[in-house]
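Descriptive structure summary
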Amino acid sequence: SNKIKNAKLVLLGDVGTGKSSLVLRFVKGQFIEFQESTIGAAFFSQTVSVNDESVKFEIWDTAGQERYHSLAPMYYRGAAAAIIVYDMTNPASFSRAKKWVQELQAQGNPNTIMALAGNKADMLEARKVTAEATKTYAQENGLFFMETSAKTALNVNDIFYEIAKRLLLQ
Ligand code: GTP
Ligand code: MG
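Residues numbered from 1 in each chain as written. Chains lettered and ligands numbered in written order. Predicted model: local features only at pLDDT ≥ 70, side-chain atom pairs only at ≥ 80, totals over all residues. Heavy atoms only, no water.

**Examining the packing of helix α1 (residues 19-28) against helix α5 (residues 156-169)**
Put simply, the test is: Fitting a line to C-alpha atoms yields each axis, with helices limited to the stretch in contact; the angle taken between N-to-C directions then spans 0 to 180 degrees. Only DSSP runs of H or I reaching four residues or more are called helices, and only runs of E reaching two or more are called strands; each is numbered from the N terminus. Roughly parallel means an angle under 35 degrees; roughly antiparallel, over 145; roughly perpendicular, 65 to 115; everything else is oblique. Every residue pair with non-hydrogen atoms within 4.5 Å of one another is taken to be in contact. Gly counts as polar in this scheme, as do all residues outside two lists: the nonpolar Ala, Val, Leu, Ile, Met, Phe, Trp, Tyr, Cys and Pro, and the charged Asp, Glu, Lys and Arg.
The geometry of α1 relative to α5 is characterised by a closest axis approach of 9 Å and an angle of 80 degrees between their N-to-C directions. Our classification of the angle between α1 and α5 gives roughly perpendicular. Residues L22, R25 and F26 of α1 form the contact with α5, whose participating residues are V156, N157 and F160. In terms of residue class, the contact of α1 with α5 is built from four nonpolar, one polar and one charged.

Structure, rendered in structure tokens:
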């Protein structure tokens, strides 16, 4: 049917977890060691094909710094999907991710597809958040969970592809 679906997608998560790096990897296939902290938010778009259908993602990469928190509703309101990112080497960022999930559940659209990304999976020796803890949390909260690395590209296309598949089923 060559259907094309437009979908607003927002990335949320603590400062430095790798939101911009995941988007840069997905949209441009690049990685920057010294990625600058986002100010406000940044917009990107990228299309994913699933069989003969496609999803055109309109991506809002939000700023993790706490002083931008009040802007977040502008970006998650009306979003078809959200990727909540934590850094698996940083337990505080996992706590922050859970708060984002709560905020989305309380104020967002119940149909928003939520994905949890445990990023920096290339830094396994520094891991502080276990996959088991996150899997349990994700199951209990109706999210899907993947460990990703913007640096090595592990699961980066996969997480967007999985979201696209789910959106096309809606
Ligand atoms: P804010 O915009 O401040 O909210 O941060 P952010 O979540 O966009 O993080 P950003 O993409 O700027 O990445 C922060 C730092 O982590 C940068 O130095 C990146 O190079 C690094 N980084 C991001 N993703 C990865 C990853 O998967 N592995 C490793 N090793 N470093 C990463
Ligand atoms: Mg950023």
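Still more to cover.
**Things to note about the side chain of R25**
For the record, the criterion: Pairs of N or O atoms are called polar contacts if they sit within 3.5 Å, as long as, within protein, a hydrogen donor faces a hydrogen acceptor (for residues adjacent in sequence, only side-chain-to-side-chain pairs).
Inspection of the secondary structure puts R25 in helix α1. In this structure the side chain of R25 is engaged in a polar contact, spanning 2.9 Å, whose partner is the backbone oxygen of A150. Polar contacts involving the side chain of R25 include one to the main-chain carbonyl oxygen of K151, which spans 2.8 Å. Ignoring anything within four residues of it in the chain, the contact list for R25 reads Q30, F31, A150, K151, T152, A153 and V156.

**Description of the site of ligand 1**
So the rule is basically this: We call a residue near a molecule or strand as soon as one heavy atom of that residue lies within 4 Å of the molecule or strand. With residues, only the protein chains shown are counted as cover, and all accessible areas are computed by Shrake-Rupley using a 1.4 Å probe.
With respect to spatial proximity, 24 residues lie near ligand 1, and among them S21, E33, S37, G64 and D122 are the closest. Between ligand 1 and the protein, one listed contact pairs an oxygen atom with a side-chain N or O atom of K120 at 3.1 Å. Summarising the interface, the protein chains cover 90% of the accessible area of ligand 1, which totals 650 Å² for the free molecule. Counting residues per element, the shell around ligand 1 draws most heavily on α1, which supplies three residues. Each residue belonging to the shell around ligand 1 can be placed in one class, and the counts come to six nonpolar, eleven polar and seven charged.

**Quick notes on the coordination of the magnesium ion (ligand 2)**
Note the threshold: Donor atoms: N, O and S within 2.8 Å of the metal, or within 3.2 Å for Na, K and Ca. Because water is excluded, sites can look incomplete. Any residue under 20% of the maximum accessible area for its type is buried, any over 50% is exposed, and the rest in between are partly exposed; the area is computed with a 1.4 Å probe on protein chains only.
Distances from the magnesium ion (ligand 2) to its protein donors, S20 (OG) and T38 (OG1), fall at 2.1 Å. Residue S20 is located in helix α1, and its partner T38 is located in the loop between α1 and β2 (41-50); the two are separated by 18 residues in the primary sequence. Residues S20 and T38 agree in their burial class; the two are buried.

**With respect to the environment of L71**
Inspection of the secondary structure assignment puts L71 in the loop between β3 (53-62) and α2 (72-76). Residue classification places L71 among the partly exposed positions, given a relative accessible area of 30%. For the pair formed by L71 and A41, sequence separation is 30 residues and the distance between their alpha carbons is 8.9 Å.

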